[in-house]
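# Secondary and tertiary structure notes
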Amino acid sequence: MHSKSTIHIEPTKNDGDLMQALAIQEVVFIEEQGMSMALEGEVLEREAFHVLAYQQGHAVGTGRLLILEKPPSGEEGRWGQLGRMAVLRSSRGVGIGKALLEVLSEEAKQLGLDGLSLHAQVSTQSFYEKEGFVVSSGVFHEAGMPHVEMRRVF
């Protein structure tokens, strides 16, 4: 559990928590950004490690960690992929994204992973760079928006 003033991060514990995470993703990615986001499917969502960020008792952010079957091209060892990082607009700018990233990274380290990769929207690239991620691809389009692959080795 991670606390930062009134922010606290917890793993999802049940289907209700997972539904809250998916609802936050829908608000941020589909309603706010207009992304054509196809959900990978329930099985993949259930296999992932999801976290919810709570601010004053309300779920306001989420992110997930998937363990990759093979490392990204050019890397070795066991890797994870972060995804679906989303914070509701009304709760941005107070460190929730950073707190989510810290908890997910800590989980990856506890699982013995050697690094993390993610697909960052170009508009969020600098946020991830501040957290030690390095761009590892050119710009590509995913869900109708420009992204770059980023990686961080532990």
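Scroll up to find the structure.
These remarks concern the structure in this document. Source: prediction; values computed, not measured. (Residues numbered from 1 in each chain as written. Predicted model: local features only at pLDDT ≥ 70, side-chain atom pairs only at ≥ 80, totals over all residues. Heavy atoms only, no water.)

### Notes on the pattern of salt bridges
Test applied: For salt bridges, the criterion is a side-chain nitrogen of Lys or Arg within 4 Å of an Asp or Glu carboxyl oxygen. Secondary structure elements follow DSSP: runs of H or I no shorter than four residues count as helices, runs of E no shorter than two count as strands, and numbering proceeds from the N terminus. Only protein chains enter the area calculation, which uses a 1.4 Å probe; residues under 20% of their type maximum are buried, those over 50% are exposed, and those in between are partly exposed.
Scanning all chains against the criterion turns up 6 salt bridges. Residue Arg89 pairs with Glu32 through a salt bridge whose shortest N-O separation is 3.5 Å. Of this pair, Arg89 sits in the loop between β5 (79–87) and α3 (96–110) while Glu32 is found in helix α1 (residues 15–32), placing the two residues 57 residues apart along the sequence. You can call Glu32 partly exposed: its relative accessible area is 26%. The shortest N-O distance in the salt bridge between Arg151 and Glu75 comes to 3.3 Å. Of this pair, Arg151 sits in strand β9 (residues 145–153) while Glu75 sits in the loop between β4 (58–67) and β5; the two residues are 76 residues apart in sequence, bridging distant segments of the chain. Glu75 sits in the partly exposed class, given a relative accessible area of 26%.

### Section: the side chain of Ser91
Our working rule: Throughout, a residue-residue contact means that at least one pair of heavy atoms, one from each residue, lies within 4.5 Å.
Mapping Ser91 onto the fold places it in the loop between β5 and α3. Dropping the residues within four chain positions of it, Ser91 is found in contact with Gln55, Val60 and Ile96.

### Side note on the pairing of β5
We apply this condition: A pair of strands is treated as paired once DSSP finds two or more bridges between them. Handedness of a crossover is defined as follows: with both strands directed away from the viewer, a clockwise route from the first strand across the helix to the second makes it right-handed.
Where burial is concerned, most of β5 is hidden: 8 out of the 9 residues are buried. Direction of pairing for β5 relative to strand β6 (residues 115–121): parallel, over a ladder of 4 bridges. Its bridge partner being in β6, Trp79 is matched across the sheet by Gly115. Crossover handedness for the path β5 to α3 to β6: right-handed.

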